[in-house]
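If you want the building blocks of each chain, they are given just below.
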Amino acid sequence: MLTTASATLGALPLVVAAQGIEPEPAPDGPPGSPGSGPVDQVRVTLHVNGSPRTVDLDCRSTLAEALRGPLALKGTKIACNRGACSACTVWLDGAPVCSCMLLAVDVGERRITTIEGLAEPGRLHPIQAAFVEHDAVQCGFCTPGMVMSCAALLRDQPRPTEADVRRAISGHLCRCGTYPHAIAATLAAASGRSVHE
Amino acid sequence: MNESTRTVTMPFGLNGAEQVTRVVPADEPPPLPPNRELAVIGRSVARPDAERKVRGASRFTVDVALPGMLHGRILRSPYPNARVRAVDMVAATGHKGVRAAVLALQPGTPSAIARYAGAPIAAVAATSMAAAEEALRAIRVDYEPLPFVVDMSAARTPGAPQVYDAQSAPKGDVSGYPAAAGLPLEGNVRGPAVSGRGSVARGFEQAEVEFEAEYATQVQTHCCLEPHAIVADWQPGGLTVYLSTQYTTGVRHELAAAFGLPLNRVRVVVEATGGGFGSKSTLGSYGRLAVQLSQRAQCPVRIVLDRQEEQIDSGNRPATRQRIRLGALRDGTLTALSVTSHGTAGIALGAGVWNFAESLYTCPNFESVQHDVFINAGPGCAMRAPGAVPGAWGLEQAIDELAERLSMDALLLRDRIDPSAVRREERRVGAERIGWRGRHAPGADRGPVKRGLGVAQSLWASNVQINSSCEVRVMRDGSVEARSSVQDIGTGTGTVIAQVVAETLGLPASAVRVSIGDTDFPAGPPSYGSRATASITPPARTAAWRVLQMLFAAAAPILNASPEELVAAEGVIRVRTDPSRGISFAAAAARLRTDCACATASRADDYDGFRRRMGDAAIARQDLGGVQFAAVAVDTETGVVRVEQVVAVQDCGRPINPRQLESQVQGGVLMGLSYALFEERLIDLHSGRMLNADLEHYKIAGSCDSPRIDVVVLEDYRAMSATDAYGIAEPSNIATAPAIGNAVYNAIGVRIRSLPITPAAVLQALGKLPKVNGA
């Protein structure tokens with residue numbers, strides 16, 4: 001059972017065949033010139049929140065950068081940009097991963113779920129509702145990533161213990177200190193409890 | 001007493017059990033009763049922006065994208081000390097995609113010295129981040145490396161490389177923050193700043209027991225999850241800056257002054273700030289460079305610091321070394337207290353230990369002698385209770401050590417020397433919660449894992465910003481909006497504004513739309529100094545009350561009553577003496593003469609005056625405080641310290657939102673725990689570079705380090721403003737580390753006086769490790 005975003009990443013193949021990539025003809029500048037030159041641009045199809053999305057991006061883009069840039073899904077946050085804080089957590093085929101540690105061209109056919117795709121439009125996932133109710137949100141910057149890990153935990157383990165929740169968010173850094181309320185919110189969501197009960 | 005004032009009776013003391021009479025301005029609203037009689041204030045309503053935050057829909061500054069926006073990057077010095085003789089930007093400026101380049105200093109002039117590794121040299125703006133980074137590599141800099149010093153002890157030795165000369169050194173300012181002007185500089189040591197009372201020499205003569213020790217604290221970095229970020233948009237009509245900031249109002253003033261613009265042409269906007277903790281209080285060098293690049297390129301320019309830049313050049317909590325000397329009678333009465341400190345904020349000033357020791361305990365003879373030491377490291381800045389956090393690490397352990405020499409319980413000693421009745425109650429409540437009575441003698445556990453209990457106290461000024469205004473608008477359909485430029489950095493400022501406005505208008509908090517974080521609204525206070533709640537909730541309530549009078553005037557004719565007879569509650573405006581006569585809030589609003597009734601109010605002085613006033617800032621008469629207890633388990637074989645429980649009993653005047661307060665106190669405790677056990681900026685003595693400029697090797701507390709935290713917030717009424725509410729962010733961060741330090745001593749019977757309390761430090765204290773050079 002993989003529970004933390006950073007641990008999960010280690011279980012993925014480091015490089016997979018890049019699919020849907022077609023080098024574009026050079027619009028300007030000689031091949032190999034530095035900058036956002038032609039050889040650096042790739043066209044990638046990513047399967048995000050249930051839909052295929054084809055975008056042109058710098059081949060050096062991480063998944064996090066592709067999501068936040070051309071795909072304009074800015075709920076995924078970049079805080080450390082090297083897999084130490086888990087703010088950028090998304091699901092890859094359902095498993096939470098640090099999207100800053102994966103090149104967009106390496107994602108291939110795998111299904112990506114971001115915070116924007118967690119709940120039905122106009123509704124809150126039970127974890128999101130519990131985070132609101134328990135004030136498991138302060139500045140809110142680490143929140144989307146933490147919500148993704150807690151939601152994955154509940155999906156895989158509907159009755160987690162407190163230790164399970166701690167472990168599930170152990171890769172997430174929160175400088176405001178929302179851990180106690182995030183743990184309480186996740187346990188409450190698991191039991192269907194409300195803070196008012 | 002005249003027409004512009006009236007005399008009112010207000011709740012006072014713990015739980016509002018007493019009453020006090022105040023003379024207040026006539027245009028202030030009537031006094032609020034204690035929380036138990038209120039509908040919205042004192043309740044844990046949800047944040048208005050919580051749903052957006054859990055959806056990832058909040059727009060942080062890093063999320064702002066404007067059409068044609070360029071990406072800026074900053075070239076930084078690789079040397080800890082170097083003269084910059086020349087900078088060749090030609091190749092960089094010609095690089096593909098580059099639209100502007102600026103220098104951060106003037107090469108070849110006497111001031112062109114990069115005094116720390118990471119100091120800004122130049123910046124470029126390009127059409128992509130990759131192009132900007134490539135352009136940085138094309139900049140040619142002619143550096144003349146100079147001798148440097150990055151260790152505070154080394155910097156104090158005669159003949160050490162000098163970071164500044166008298167001319168170039170920072171001058172301090174008249175307010176004394178971060179350090180007073182006019183102090184002498186000798187080598188790298190500036191000061192001392194001296195304060196005191198009585199005669200310490202006489203106090204030590206009277207003493208029957210003396211205690212003296214040295215305590216040390218490390219450099220801590222802020223580690224905001226959202227990096228420092230700006231999008232600067234220079235337009236012919238004026239400048240708009242999107243900034244991850246703790247102080248929109250202040251940054252607008254900075255920008256106007258720096259770029260010669262009138263205030264009405266400068267706008268600062270932030271929807272959500274992803275943490276600040278003191279480091280986002282000003283524009284910063286990166287912000288200034290972004291504005292210059294935008295001005296040059298005539299395009300919006302975005303600069304977001306990367307994590308390494310965050311760690312090196314976005315501020316930090318200074319390191320300190322404090323020698324504390326205490327004199328006491330056998331019954332615990334303090335006769336003398338002396339604190340001598342040396343601290344370093346790198347190339348900046350402000351590494352003192354505040355007036356923590358001066359104010360916490362009764363002692364007739366006191367002296368404080370504080371020095372700043374310059375080293376070649378990134379500038380420190382305010383961080384959550386600056387000065388008080390290191391100051392408490394020293395003093396609160398010294399008091400514990402004195403108690404042991406007096407063979408007195410640590411709480412009994414504090415009962416004797418602490419004049420605060422509020423903290424006395426906090427000690428009582430906390431001692432019961434943690435089970436203080438079961439505390440054993442130091443090192444008494446027999447197994448390899450030894451448990452212990454510790455206590456420490458907190459003191460922080462009740463800060464107020466006078467330049468704090470809020471506008472409240474009621475539309476003809478009964479909808480309500482509150483507006484201020486104050487920002488919400490995660491503390492829940494928007495929530496408490498909604499609560500006080502809703503309470504006043506007799507509506508639920510969710511009925512109030514809160515529009516904040518934009519200098520187009522009335523000027524709000526900074527979110528630092530634990531002053532936002534104290535500064536903005538009174539004007540928010542006052543503005544709502546004034547608008548309510550307009551509604552009463554509109555409703556009175558229908559209700560056949562005079563406006564003075566009306567009250568608003570549960571969405572209805574009624575006649576006080578005949579509740580059967582009422583109309584809905586919306587129906588009253590429909591009677592307004594114009595589409596919108598609005599009023600703007602500003603922070604009145606505290607009703608009993610301030611202790612001190614400095615420009616826009618003031619300090620209330622009564623301090624904020626708290627008492628924290630820690631229970632730890634120390635593994636004497638591995639040296640690992642686990643904090644199992646913290647009980648935090650705090651006060652903040654009238655609590656507005658208990659659950660948000662609990663969140664903030666938990667955050668203060670966790671930051672204090674992290675400071676106590678994990679965090680430390682490490683600089684390589686040979687290269688002068690930070691070794692752990694990331695979040696892998698710079699450790700902060702995670703979910704598995706988070707103990708059970710019991711939060712108790714007392715209701716301590718002071719009868720000082722329209723809400724009587726104060727802040728809690730900083731006071732909750734002060735006592736944690738010394739409470740843990742005292743608990744570790746109680747567990748193992750050996751005192752650790754330097755932070756952080758790493759496994760190596762514990763094993764070394766237990767004599768299980770050879771002393772490591774430099775550790």
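Quantities reported herein were computed from a predicted structural model and do not represent experimental measurements.

## Description of the overall build of chain A
And then number 1: Within chain A, the secondary structure is distributed over 6 helices and 5 strands.
And then number 2: In chain A, the succession of helices and strands from N to C terminus is α-β-β-α-β-β-β-α-α-α-α.
And then number 3: Counting across all 197 residues of chain A, residues that qualify as buried make up 57%.
And then number 4: Nonlocal contacts in chain A, meaning residues at least 24 apart in sequence, comprise 59% of its contacts between residues at least 6 apart.
And then number 5: About 7700 Å² of surface is accessible on chain A, with carbon and sulfur atoms providing 55% of the total.

## Remarks on the overall build of chain B
And then number 1: A count of helical and extended segments in chain B gives 19 helices and 33 strands.
And then number 2: Dimensions of chain B along its principal axes, counting C-alpha atoms only, are 85 × 75 × 50 Å.
And then number 3: Within chain B, counting contacts between residues at least 6 apart in sequence, those at least 24 apart form 77% of the total.
And then number 4: Of the accessible surface of chain B, which amounts to about 27900 Å², a share of 50% is contributed by carbon and sulfur atoms.
And then number 5: Averaging the coordinates of the 79 positive side-chain charges in chain B and doing the same for the 78 negative ones gives two points 2 Å apart.

## Comments concerning the nonpolar core
Residue and element names in this part refer to chain B.
And then number 1: Counting 132 residues, the largest nonpolar core has I740 and I757 as the members making the most contacts within it.
And then number 2: Residues contacting I757, with those up to four places away along its chain left out, are W393, V641, A676, L677, I740, G741, V744, I752 and V762.
And then number 3: Ranked by size, the runner-up nonpolar core spans 47 residues in total, among them A498, L505, A597 and I656.

## Side note on the packing of aromatic side chains
Each aromatic ring pair is specified by the distance between its two centres and by the angle formed by the two planes.
All names here are of chain B.
And then number 1: One pass over the full model with this rule turns up 7 aromatic pairs over all chains.
And then number 2: Ring geometry for W234 against F259: centres 5.9 Å apart, planes inclined by 70°, an arrangement best described as edge-to-face. Of this pair, W234 sits in strand β12 (residues 229-235) while F259 sits in helix α6 (residues 248-259), and the two are 25 residues apart along the sequence.
And then number 3: Taking the relative accessible area as the measure of exposure, F259 reaches 15% and is therefore buried.
And then number 4: With centroids separated by 5.6 Å and ring planes inclined at 85°, the aromatic side chains of Y247 and Y528 adopt a geometry described as edge-to-face.

## Remarks on the environment of L624 of chain B
Residues and elements named next belong to chain B.
And then number 1: Here L624 shows up in strand β30 (residues 624-635).
And then number 2: Distance in space between the C-alpha atoms of L624 and S462 is 5.7 Å, their sequence separation being 162 residues.
And then number 3: Among residues more than four places away in sequence, those in contact with L624 are S458, L459, W460, A461, S462, D651, C652, R718, Y726, G727 and P731.

## Some details on the interface of chain B and chain A
And then number 1: Residue-level contacts link 55 residues of chain B with 50 residues of chain A.
And then number 2: Carbon and sulfur atoms make up 57% of the area that chain B and chain A hide from each other, which totals about 4200 Å².
And then number 3: Counting every contact that joins chain B to chain A gives 6 salt bridges.
And then number 4: Put simply, R47 of chain B and D135 of chain A hold a salt bridge, and the shortest N to O gap is 2.5 Å.
And then number 5: For the side of chain B that touches chain A, the elements supplying multiple residues, two or more each, are α1 (50-55), α3 (129-137) and α16 (658-677) of chain B.
And then number 6: Counting residues per element, the side of chain B that touches chain A draws most heavily on α16 of chain B, which supplies 10 residues.
And then number 7: Residue classes in the side of chain B that touches chain A are distributed as 20 nonpolar, 20 polar and 15 charged.

## Description of the environment of G196 of chain B
All names here are of chain B.
And then number 1: With respect to the helices, strands and loops of the structure, G196 is situated in strand β10 (residues 189-197).
And then number 2: With 171 residues separating them in the primary sequence, G196 and E367 have C-alpha atoms 4.2 Å apart.
And then number 3: Those residues in contact with G196, other than ones at most four positions away along the chain, are F366 and E367.

## Overview of the sheet that holds strand β29 (residues 617-620) of chain B
All names here are of chain B.
And then number 1: If you walk across this open sheet you meet the 3 strands as β20-β29-β28, and the pairing is antiparallel. Each edge of the open sheet carries a strand with a single partner, namely β20 (463-465) and β28 (610-614). Each strand of the sheet is rotated relative to its neighbour by a mean of 25°, with strand direction disregarded.
And then number 2: The pairing of β20 with β29 spans 3 bridges and is classified as antiparallel. Pairing of N463 across the sheet is with I619, part of β29.

## Observations regarding the sheet that holds strand β6 (residues 113-114) of chain B
Residue and element names in this part refer to chain B.
And then number 1: Read across the sheet, 3 strands follow the order β6-β4-β8 without closing on themselves; strand pairing throughout is antiparallel. Across the chains shown, the open sheet's two edge strands, defined by having one partner strand only, are β6 and β8 (140-145).
And then number 2: Pairing between strand β4 (residues 82-88) and β6: 2 bridges, direction antiparallel. Paired with A82 across the bridge in β6 is A114.

## Concerning the pairing of strand β18 (residues 366-373) of chain B
All names here are of chain B.
And then number 1: Within β18, 7 of the 8 residues are buried, leaving the element largely enclosed by the surrounding structure.
And then number 2: Here 7 bridges tie strand β17 (residues 334-344) to β18, and the two strands are oriented parallel to one another. By the bridge assignment, T340 is partnered in β18 with V369.

## Overview of the confidence of the model for chain A
And then number 1: Residues with a pLDDT of 70 or more make up 78% of chain A, whose mean pLDDT is 84.
And then number 2: Below pLDDT 50 for its whole length, residues 1-38 of chain A participates in 69 contacts with residues either more than four positions away or in separate chains.

## Describing unusual backbone geometry
And then number 1: For the bond running from G191 of chain B to P192 of chain B, omega is 5°, close enough to zero to count as cis.
And then number 2: With respect to the secondary-structure elements, P192 of chain B resides in strand β10.
And then number 3: Backbone torsion omega between L755 of chain B and P756 of chain B reads -5°, so that peptide bond is classified as cis.
And then number 4: Take P756 of chain B: it is sitting in the loop between α18 (736-748) and α19 (759-765).
And then number 5: Residue D135 of chain A is not a glycine yet carries a positive backbone phi of 55°.
And then number 6: Within the secondary structure, D135 of chain A sits in the loop between α3 (126-133) and α4 (143-156).
And then number 7: Here D135 of chain A falls in the buried class, since its relative accessible area comes to 6%.

Basis of the calculations
- Residues numbered from 1 in each chain as written.
- Chains lettered and ligands numbered in written order.
- Predicted model: local features only at pLDDT ≥ 70, side-chain atom pairs only at ≥ 80, totals over all residues.
- Heavy atoms only, no water.
- Helix = DSSP H or I, 4+ residues; strand = E, 2+ residues; numbered from the N terminus.
- Buried < 20%, exposed > 50% of the residue type's maximum accessible area, 1.4 Å probe, protein only.
- Contact = heavy atoms within 4.5 Å.
- Areas by Shrake-Rupley, 256 points an atom, 1.4 Å probe, with all protein chains shown as cover.
- Lys, Arg positive; Asp, Glu negative; His and termini not counted.
- Charge placed at Lys NZ, Arg CZ, Asp CG, Glu CD.
- Core = buried A, V, L, I, M, F, W, Y, C linked by side-chain atoms within 4.5 Å.
- Phe/Tyr/Trp six-rings, centres within 6.5 Å; stacked < 30°, edge-to-face > 60°.
- Buried area = accessible area lost by both parts, 1.4 Å probe.
- Salt bridge = Lys/Arg side-chain N within 4 Å of Asp/Glu carboxyl O.
- Nonpolar A, V, L, I, M, F, W, Y, C, P; charged D, E, K, R; others polar.
- Pairing = 2+ DSSP bridges.
- Axes fitted to C-alpha atoms, helices over the stretch in contact; angles between N-to-C directions.
- pLDDT = per-residue confidence, 0-100.

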